[in-house]
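Notes for the structure review
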Amino acid sequence: MKPKIFITRQIPTHVMNQLKEVCDVSIWNEEDTPVPREILEEKIVDIDGLYCLLTDTIDEELLQKAKNLKVISNMAVGFNNIDVDAATKRGIIVTNTPGVLTETTADLTFALLMATARRITEASDFLRSGKWSSWSPMLLTGQDIYNSTMGIIGLGGIGKALAKRAQGFNMNVLYHNRSRKLDSEQELGLEYCSLEDLLKRSDYVCIMTPYTPETKNMIRDEHFKIMKDTSILINTARGGIVNENDLYYALKDGEIWAAGLDVFEQEPVDFNHPLLTLPNVVTLPHIGSASIGTRTKMAEVVAENMLQALNGEIPVNIVNKEIVSNKSPISYFN
Ligand code: NAP
């Protein structure tokens, strides 16, 4: 009997066909909307593998219903939508998609930085709304990027890729990370700083940590107060890392100059969210890794992780490595 898997969103046809060859596949087939919780609760009972996205909350309550689940294969590098401890307790492998989206997300982060610094969306809206009456010396003036200082909080894969882009703009790059990265300091000429020092000195503060209990609201009121009033906050990691209420007041009161946000604490963000009322905020609908090539590659990696786990192998991108030592390698393809 083929292992049963459930896919919570439409995926590229060639990946679907690859999975169908060896698995009994069911998919949430509606228009491009997240799978309702009740369907997930129904499906989770007897599946062997779950192919899910960051819009799916995989918590302890849901996992309690899973009788056969061996692997949760998440289509993202972040896995804060999954209670990994609850999965580990039940011997369920959790995987993610690191690496394949690193450069694409760094590109988007730099694009957002530039758009925010140079007020690109505001300028485009200004022109399209017929307000452009003449060239003017101080019209829509922004901040310089070349020769400025970037502070990266979280120097992982994407943080490093961002630092490389900053080099091309002759930026001085500071970083803060929970562990020091001496090799990257040497290779990329980076300077390690405390969080406070980084916030005080940076023109651009870029958040690139995962969302964990330690990083929840890591950037809040007291931090905005020590940032330069010309500084720009860029968040393409996860919304909850920044206290959004404090960010709103920091932007409104001129404690910082602007923010570029690809992520929000609640997604999709409410259309009436106070941050969306501010002209000095550039917002995007969580499209960090959204290039055609990268999203396709991510789907392929999710399938590879799934098939490796179901074949009794240790998936290359396993998140909860600690469960492997307790597991005997069983293939479910017999
Ligand atoms: P990564 O390679 O795992 O890097 C994360 C870095 O953050 C690591 O260097 C880690 O330090 C550091 N870190 C963790 N907790 C910290 C803390 N409390 N204080 C300071 N540093 C801390 O991950 P990545 O691939 O660069 O991705 C980073 C995050 O970006 C993901 O978790 C995801 O949420 C987000 N992301 C968003 C998008 C998007 O579409 N907007 C796309 C991709 C990723 P250690 O080296 O000590 O572990």
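Residues numbered from 1 in each chain as written. Predicted model: local features only at pLDDT ≥ 70, side-chain atom pairs only at ≥ 80, totals over all residues. Heavy atoms only, no water.

Moving on, we come to the nonpolar core. If you look at the biggest cluster of nonpolar residues, it comprises 78 residues, and the most contacted ones within it are Leu 19, Leu 233 and Leu 247. Excluding residues within four positions of it along the chain, Leu 19 makes contact with Ile 5, Ile 7, Ile 11, Val 25, Tyr 51, Ala 303, Met 306 and Leu 307. Val 35, Ala 66, Ile 72 and Ile 82 belong to the second largest nonpolar core, which has 21 residues in total. (Core = buried A, V, L, I, M, F, W, Y, C linked by side-chain atoms within 4.5 Å. Buried < 20%, exposed > 50% of the residue type's maximum accessible area, 1.4 Å probe, protein only. Contact = heavy atoms within 4.5 Å.)

Within this structure, the stated rule accounts for 19 salt bridges. A salt bridge links Asp 32 to Arg 9, with the nearest nitrogen and oxygen atoms 3.1 Å apart. Of this pair, Asp 32 sits in the loop between strand S2 (24–27) and helix H2 (37–43) while Arg 9 sits in the loop between strand S1 (4–7) and helix H1 (13–22), and the two are 23 residues apart along the sequence. By relative accessible area, Arg 9 is classed as buried at 13%. The salt bridge partner of Glu 60 is Lys 89, with a shortest N-O separation of 2.9 Å. Taken together, the positions of Glu 60 in helix H3 (residues 60–63) and Lys 89 in helix H4 (residues 84–89) put the pair 29 residues apart, joining distant regions of the chain. Look at the salt bridges and you will find they share partners, linking Arg 37, Glu 41 and Asp 59 into a network. (Salt bridge = Lys/Arg side-chain N within 4 Å of Asp/Glu carboxyl O. Helix = DSSP H or I, 4+ residues; strand = E, 2+ residues; numbered from the N terminus.)

Right, let's get into the site of the ligand. As a structural note, the neighbourhood of the ligand is formed by 25 residues, with Arg 178, Ser 179, Lys 181, Thr 236 and Asp 262 the closest of them. Backbone polar atom of Leu 155 to an oxygen atom of the ligand: 3.3 Å apart, as the coordinates give it. For the ligand, whose free accessible area comes to 940 Å², the fraction covered by protein is 84%. Of the residues in the shell around the ligand, the class split is eight nonpolar, 13 polar and four charged. (Near = heavy atom within 4 Å. Polar contact = N/O pair within 3.5 Å; in protein donor to acceptor, adjacent residues only side chain to side chain. Areas by Shrake-Rupley, 256 points an atom, 1.4 Å probe, with all protein chains shown as cover. Nonpolar A, V, L, I, M, F, W, Y, C, P; charged D, E, K, R; others polar.)

As a further point, take the packing of aromatic side chains. Think of a pair of aromatic rings as described by two things: how far the centres are apart, and how the planes are tilted against each other in angle. Within this structure, the stated rule accounts for three aromatic pairs. A ring pair is formed by Phe 110 and Phe 169, whose centres lie 4.8 Å apart and whose planes are at 40 degrees; its orientation type is tilted. With Phe 110 in helix H5 (residues 102–117) and Phe 169 in the loop between helix H7 (157–168) and strand S7 (172–176), this residue pair connects regions lying 59 residues apart in the sequence. Centroid distance Tyr 175 to Tyr 192: 5.2 Å. Interplanar angle 65 degrees. Geometry classified as edge-to-face. Placement of Tyr 175 in strand S7 and of Tyr 192 in strand S8 (residues 191–192) is noted, with a sequence separation of 17 residues between them. Look at Tyr 175 and you get buried, because its relative accessible area is 0%. The partly exposed category is assigned to Tyr 192, whose relative accessible area is 28%. (Phe/Tyr/Trp six-rings, centres within 6.5 Å; stacked < 30°, edge-to-face > 60°.)

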